[in-house]
Amino acid sequence: AFQMADSGVLEDISPADLGGNFWEVGKYKVVLKRINTGAKLCDEFVKMVNERAAIEKQYAKGLQQWAERWEEKLRTIGEFGTLCDGWRGILTEARGMSDIHNQLRERLENEMTADVENWKKQHYVKSFFQWKQYRRAASAFEKAQEPWARRREKLLKYKRNLEQHSAHLDALRRQADSPKVQAGIEKETREIERFKTKIHTRVQDMIATHESYRHEMLLEFDRCQAEEKVRIDFFKTALQLYHARTDIARNFDAVHANLQSTISKVNPQDDIDRFSRDHGAGMPFLIPTDTGDFRLIHDPADLKKLLISGPPAPPPAPVASPPSAPTAHSALYPPNSRLRAIYDYAATKSDELSFKFDDVLIVLPDAQTESGWIHAQHEASGARGIVPENYVEPDEV
């Protein structure tokens, strides 16, 4: 696999490096997790504010009880005159502070928490035990990625087959030379070339269809980004309201100035841009290679340079067609076998069958000659005729 170096050159990467890439199969779930986290953060913020309100309530209650207790003591300790009024002034100040903290508690409990809870009700609605936006995004991402995932799985299967045949070939080459070993080497070499061709075809297919895959994934990702920006905007406003409602004394100015400085630095656009770079669509795009590995592309425009027009040239068909009524069954493809076309073929004679790449053909039970042709029926159209054996392969359902 490959990644883009600082110089702009593609470099090798391991499959493990792709584990957190948004474009890898299933990795869009980090976006879904953010949706659930956003709803949970509403509850956590309400919990945090309520805990602060409880502290204010306890502090106000403590000041009030302290003032009442000392008011009672003041009647018995012997102080008098204006000095006694001074003592009472301290108790009046404590009651005033208690009122201020009670008012703050009420603003936090009745205004702050209500604002967040109402916003959450409007923006997070349950549907079958999940948030609606979660269900929508999960469905959209899965639908957009399913064709790509199928192609990727096919590519990886071909890669595993290629590796197995390559290992077998290496093992044969280490054995003593004999007709049997030589035959095995020739067979494995043919298999290796066949799977290389299949991998190349799949790679070109994936590159050719990447634009629609990117488009569908980006549609839903951008929608999720817009919803997250709304949440960040709302919480920035909520934090600013929190600052305003807790600014209860001038001697707290330094603390609140620091808080205001922090809040003012909240930048929703920077947040979602960073999310995109680290976890989303801003990450390098994944493109498969002829080896079955992947490379990272930072500039989508570079993908056009990788796209080779058309599949590889097909092998030549057998030189001569078999008789119209063959008599020997194929040992390779028994009757009723399903075959998959690996190239396009246009019939040149009346008894031949035309087909396109990836069409499914059914081997007819009547027969096949030994000259490289198969008598088959087109599964979709029902047409019958003979087809070149080297243009098809067993359909791996």
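Just so it is clear, the model here is predicted, and its values are computed rather than measured. (Residues numbered from 1 in each chain as written. Predicted model: local features only at pLDDT ≥ 70, side-chain atom pairs only at ≥ 80, totals over all residues. Heavy atoms only, no water.)

A short note on the nonpolar core
(1) Moving on: Judged by nonpolar contacts, the single largest core of 56 residues is most densely connected at F22, W23, F141 and M217.
(2) Moving on: Where this core is concerned, the elements lending two or more residues are helix 1 (29-74), helix 2 (81-123), helix 3 (132-173), helix 4 (179-208), helix 5 (210-246), strand 5 (285-288) and strand 6 (294-297).
(3) Moving on: The leading source of residues in this core is helix 3, at twelve residues.
(4) Moving on: Setting aside its immediate chain neighbours within four residues, F22 contacts K27, Y28, V31, F141, Q145, M217, F221, H279, G280, A281 and M283.
(5) Moving on: Core analysis: the next-biggest nonpolar cluster, separate from the first, contains 17 residues, L339, Y343, L353 and L361 among them. (Core = buried A, V, L, I, M, F, W, Y, C linked by side-chain atoms within 4.5 Å. Buried < 20%, exposed > 50% of the residue type's maximum accessible area, 1.4 Å probe, protein only. Helix = DSSP H or I, 4+ residues; strand = E, 2+ residues; numbered from the N terminus. Contact = heavy atoms within 4.5 Å.)

Focus on the packing of helix 3 against helix 4
(1) Moving on: One way to put it is that helix 3 packs onto helix 4 with a least axis distance of 9 Å and a crossing angle of 160°. Judged on the interaxial angle alone, helix 4 and helix 3 are roughly antiparallel. Helix-helix and strand crossings are classified by hand; for helix 3 and helix 4 the assignment is left-handed.
(2) Moving on: Split by residue class, the contact of helix 3 with helix 4 holds 13 nonpolar, six polar and eleven charged. (Axes fitted to C-alpha atoms, helices over the stretch in contact; angles between N-to-C directions. Parallel < 35°, antiparallel > 145°, perpendicular 65-115°, else oblique. Left-handed = near helix turned anticlockwise from the far one by under 90°. Nonpolar A, V, L, I, M, F, W, Y, C, P; charged D, E, K, R; others polar.)

A look at the packing of helix 2 against helix 5
(1) Moving on: Here helix 2 crosses helix 5 at 170°, and the two axes come no closer than 11 Å. On the basis of the axis angle, helix 2 is roughly antiparallel to helix 5. Across from L104, R107, L108, E111, M112, D115, V116, W119 and H123 in helix 2, the residues of helix 5 making contact are V230, R231, F234, F235, A238, L241, Y242, R245 and T246.
(2) Moving on: Here the residues of the contact of helix 2 with helix 5 are counted per class, giving eleven nonpolar, two polar and five charged.

Topic: the pairing of strand 9 (residues 373-378)
(1) Moving on: Counting buried positions along strand 9 gives five out of six residues, so the element sits mostly inside the fold.
(2) Moving on: In the sheet, strand 8 (residues 360-363) pairs with strand 9 via three bridges, with the strands oriented antiparallel. Residue pairing for strand 9: V363 is matched across the bridge by A376.
(3) Moving on: As paired elements, strand 9 and strand 10 (residues 384-388) share five bridges and run antiparallel to each other. Bridge assignment links W373 to a residue of strand 10, and that residue is P388.
(4) Moving on: A loop of five residues connects strand 9 with strand 10, the two strands running antiparallel in sequence, and G382 in this loop sits at a positive phi of about 85°. (Pairing = 2+ DSSP bridges.)

Observations regarding the side chain of R136
(1) Moving on: Its place among the elements puts R136 in helix 3.
(2) Moving on: A distance of 2.7 Å separates a polar atom in the side chain of R136 from a polar atom in the side chain of E220.
(3) Moving on: When residues no more than four places from it in sequence are discounted, the contact partners of R136 are E220, R223, C224 and E227. (Polar contact = N/O pair within 3.5 Å; in protein donor to acceptor, adjacent residues only side chain to side chain.)

Some thoughts on the environment of P284
(1) Moving on: Looking at the element boundaries, P284 is found in the loop between helix 7 (268-279) and strand 5.
(2) Moving on: On the basis of relative accessibility, which here comes to 17%, the residue P284 falls in the buried class.
(3) Moving on: With 14 residues separating them along the chain, P284 and H298 place their C-alpha atoms 4.6 Å apart.
(4) Moving on: If we skip the residues at most four places from it in the chain, P284 touches N21, W23, L296, I297 and H298.

Structural notes on the sheet that holds strand 11 (residues 392-394)
(1) Moving on: On the basis of which strands lie adjacent, the open sheet formed by five strands has the order 10-9-8-7-11 and antiparallel pairing. The open sheet has two free edges, formed respectively by strand 10 and strand 11, since each of these has just one partner strand. Averaged over all pairs of adjacent strands, the angle between strand axes in this sheet comes to 45°, irrespective of strand direction.

A few points about the layout of surface pockets
(1) Moving on: Approximately 230 Å³ is the volume found for the second largest pocket.
(2) Moving on: Surrounding the second largest pocket, R194, P315, L332, Y333, I342, E389, N390, V392, E393 and P394 form its lining.
(3) Moving on: Per-element accounting of the lining of the second largest pocket gives the leading share, three residues, to strand 11. (1 Å grid on protein atoms, 1.4 Å probe; cavity = no way out; pocket = protein on both sides within 12 Å on 5 of 7 lines; lining within 4 Å. Points joined across faces, edges and corners; volume = space filled by probe spheres on them.)

As for the pairing of strand 5
(1) Moving on: Of the two faces of strand 5, the one holding F285 and I287 and the one holding L286 and P288 are both buried throughout.
(2) Moving on: Inspection of the sheet shows strand 5 paired to strand 6 by four bridges, in the antiparallel sense. Following the sheet pairing, I287 is matched in strand 6 by R295.

Things to note about the packing of aromatic side chains
(1) Moving on: The tally for this structure, following the rule as stated, stands at 17 aromatic pairs.
(2) Moving on: Where W119 meets F235, the ring centres are 6.4 Å apart and the plane angle is 75°; that geometry is what we call edge-to-face. Separated by 116 residues along the polypeptide, W119 in helix 2 and F235 in helix 5 bring together distant segments of the chain. In this structure, W119 and F235 share a single accessibility class: buried.
(3) Moving on: Members of the aromatic cluster, joined through ring pairs, are F22, W23, Y28, F141, W148, Y213 and F221.
(4) Moving on: Over the face of the ring belonging to W70 we find K73, whose NZ or CZ atom lies 5.0 Å from the ring centre.
(5) Moving on: In this structure, K126 packs its charged tip against the face of W131, placed 4.3 Å from the ring centre. (Phe/Tyr/Trp six-rings, centres within 6.5 Å; stacked < 30°, edge-to-face > 60°. Lys NZ or Arg CZ within 6 Å of the ring centre and 35° of its normal.)

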